[in-house]
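Structural overview for review
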Amino acid sequence: MSKCEQCIVREFSSLKALSKNELVHLSDCKTSHTIKKGEVIFEEGENVNGIFCIKDGVCKLTKLSPNGKDHIVKLVTKGELLGQRSMISEEPVNLSAVALEDMEVCFIPKSEVMSFFDKNNQFSMNVMKTICGDLKEADDHMVNLAQKTVKERLAETLLYLHDTFGKNEDNSLKVQLSRDELASMIGTATESCIRLLSDFKKLGLIELTGKKILLKDISKLKKLAE
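Keep in mind that this is a model prediction, so the values were computed, not measured. Positions within a chain are numbered from 1, following the residues in the order the chain's sequence is written. Local features are withheld for residues below a pLDDT of 70 in this predicted model, meaning they are given only at 70 or higher, and side-chain atom pairs are given and counted only at 80 or more; totals for whole chains, interfaces and linings count all residues. Excluding hydrogens and water, the side-chain figures rest on all heavy atoms present in the structure.

**Side note on the overall build of the protein**
Secondary structure elements follow DSSP: runs of H or I of four or more residues count as helices, runs of E of two or more count as strands, with numbering from the N terminus. A tally of regular secondary structure across the protein gives 8 helices and 10 strands. In terms of its C-alpha atoms, the protein occupies a principal-axis envelope of roughly 55 × 40 × 30 Å. Whether two residues are in contact is decided by their heavy atoms, any of which lying within 4.5 Å being enough. Across the protein, every contact between residues at least 6 apart in sequence was considered, and the portion connecting residues at least 24 apart equals 68%. As displayed, the protein offers around 12300 Å² of accessible surface, 51% of which is attributable to carbon and sulfur atoms. Accessible surface is estimated by sampling points in the Shrake-Rupley manner with a 1.4 Å probe; for residues, cover comes only from the protein chains shown.

**Notes on the UniProt feature "domain: HTH crp-type" (unreviewed entry) in the protein**
UniProt positions are given in the numbering used here, feature names are shortened, and annotations may be inferred rather than shown by experiment. Residues annotated by UniProt as "domain: HTH crp-type" (unreviewed entry) correspond here to residues 148-219. The span residues 148-219 is 54% helical and 11% strand by assignment, and the distance between its end C-alpha atoms comes to 18 Å.

**Thoughts on the side chain of Ser 184**
You can see Ser 184 is positioned in helix 6 (residues 179-186). Burial classification: accessible surface area is computed with a 1.4 Å probe over protein chains only, and a residue below 20% of its type maximum counts as buried, one above 50% as exposed, and the rest as partly exposed. When its relative accessible area of 11% is taken as the criterion, Ser 184 is described as buried. Those residues in contact with Ser 184, other than ones at most four positions away along the chain, are Asp 70, His 71 and Ile 72.

**Description of unusual backbone geometry**
We note that Asn 49 has phi near 55°; this positive angle belongs to a residue other than glycine. Take Asn 49: it is sitting in the loop between strand 2 (40-42) and strand 3 (50-56). Backbone geometry at Asn 171 places phi at a positive 75°, although glycine is not the residue there. With respect to the helices, strands and loops of the structure, Asn 171 is situated in the loop between helix 5 (150-165) and helix 6. Taking relative accessible area as the criterion, Asn 171 reaches 41% and is therefore assigned partly exposed.

**A look at the nonpolar core**
In globular proteins that are soluble, nonpolar side chains generally tend to be buried together. In this structure, Leu 75, Leu 158, Leu 182 and Ile 206 are the most contacted members of the largest nonpolar core, which totals 27 residues. For this core, the secondary structure elements donating two or more residues are strand 5 (70-77), helix 5, helix 6, helix 7 (190-202), strand 10 (212-215) and helix 8 (218-225). Looking at this core element by element, the count peaks at 6 residues for helix 5. Throughout the structure description, domain borders are defined by an automatic or database domain assignment. Shared between two domains, this core takes at least three residues from each, and those domains are domain 1 (4-120) and domain 2 (147-225). Once residues within four sequence positions are removed from consideration, Leu 182 is found in contact with Leu 154, Thr 157, Leu 158, Leu 161, Leu 177, Cys 193, Leu 197 and Ile 213. Nonpolar cores are built from buried Ala, Val, Leu, Ile, Met, Phe, Trp, Tyr and Cys residues. Side-chain atoms within 4.5 Å join them into one set. With 20 residues, the next largest nonpolar core counts Cys 4, Leu 26, Cys 29 and Ile 51 among its residues.

**A look at the layout of surface pockets**
The definitions used throughout rest on a 1 Å grid laid over the protein atoms alone, on which a cavity is an enclosed set of points accommodating a 1.4 Å probe that cannot get out and a pocket is an open set flanked by protein within 12 Å on both sides along at least five of seven lines; lining residues are those having an atom within 4 Å of a point. Grid points are joined across faces, edges and corners, and a volume is the space filled by probe spheres set on the points. In this model, the second largest pocket occupies a volume close to 160 Å³. Lining the second largest pocket are Asp 56, Gly 57, Val 58, Thr 77, Lys 78, Glu 101, Thr 164, Phe 165, Lys 174 and Val 175. When residues are sorted by character, Ala, Val, Leu, Ile, Met, Phe, Trp, Tyr, Cys and Pro go into the nonpolar class, Asp, Glu, Lys and Arg into the charged class, and all the rest, Gly among them, into the polar class. For the lining of the second largest pocket, a count of residues per class yields 3 nonpolar, 3 polar and 4 charged. Each of domain 1 (4-120) and domain 2 (147-225) gives at least three residues to the lining of the second largest pocket.

**A look at the sheet that holds strand 7 (residues 96-99)**
A strand pair is defined by DSSP finding two or more bridges across the two strands. Strand order in the open sheet formed by 4 strands is 2-7-4-5, and the pairing between neighbours is antiparallel. The sheet is open, and its two borders are formed by strand 2 and strand 5, each paired with just one other strand. Averaged over all pairs of adjacent strands, the angle between their axes in this sheet comes to 30°, without regard to strand direction. In this sheet, strand 5 lies alongside strand 4 (residues 58-64) in antiparallel orientation, the contact comprising 7 bridges. Within strand 5, the position partnered with Lys 63 by the bridge is His 71. Axis geometry follows a simple rule: fit a line to the C-alpha atoms, using only the stretch in contact for helices, then measure angles between N-to-C directions, giving values from 0 to 180 degrees. Helix 6 rests against strand 4 and strand 5 of the sheet, and its axis sits at about 95° to strand 5.

**A look at the pairing of strand 8 (residues 103-109)**
Counting buried residues along strand 8, 5 of its 7 residues qualify, which places the element largely inside the surrounding structure. Sheet topology places strand 1 (residues 31-35) next to strand 8; 5 bridges connect them, and they run antiparallel. Counted as the bridge partner of Ile 35 is Met 103 from strand 8. Alignment of strand 3 against strand 8, held across 6 bridges, turns out to be antiparallel. Within the sheet, the bridge partner assigned to Gly 50 lies in strand 8 and is Pro 109.

Encoded structure:
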């Protein structure tokens, strides 16, 4: 089990403000977990009572809509923390987190995290900034859904997957989403998403091999996304 003070991913989150002594203390109270692809880290409405630090892998955060369909709110990758907002608001989690690939995560109990709030001002500020950033993203996403066409949103999402998570050796997008998941991210029906992907392929913007998506013309996708 790796020690928090030696773990590089802490540099990407609010935890970077913690001192060496605080990190040593954190190491003693956290628990490490391997989450398999498709497994649930936590479910909407659950009392998590702590935060999860993602050491490796990618998960999707989803919200159940009134019609019973899961809507993907965002994707989260290594170096990020899950559960900060519900810990501060003292409410059950508002979203579910499901692994899109095998993951390594560490769980830090709420009592430990809250003690850092009392003693470490920079840590508190970092957490607040992260939550403010999430709010800004949610605002932008809401405007996008209202003002952009589904075609523009698909182009934008493919670019986001490319820029944020990178490519495999065969140049396909590293994060492999099902057509359902992709449709959920852009806010459309699966059939529409499949049809649009086929249109993008005909236009020479992307290449499709099975579930894999390769971006062929990034500049044209950028123009389309704008």
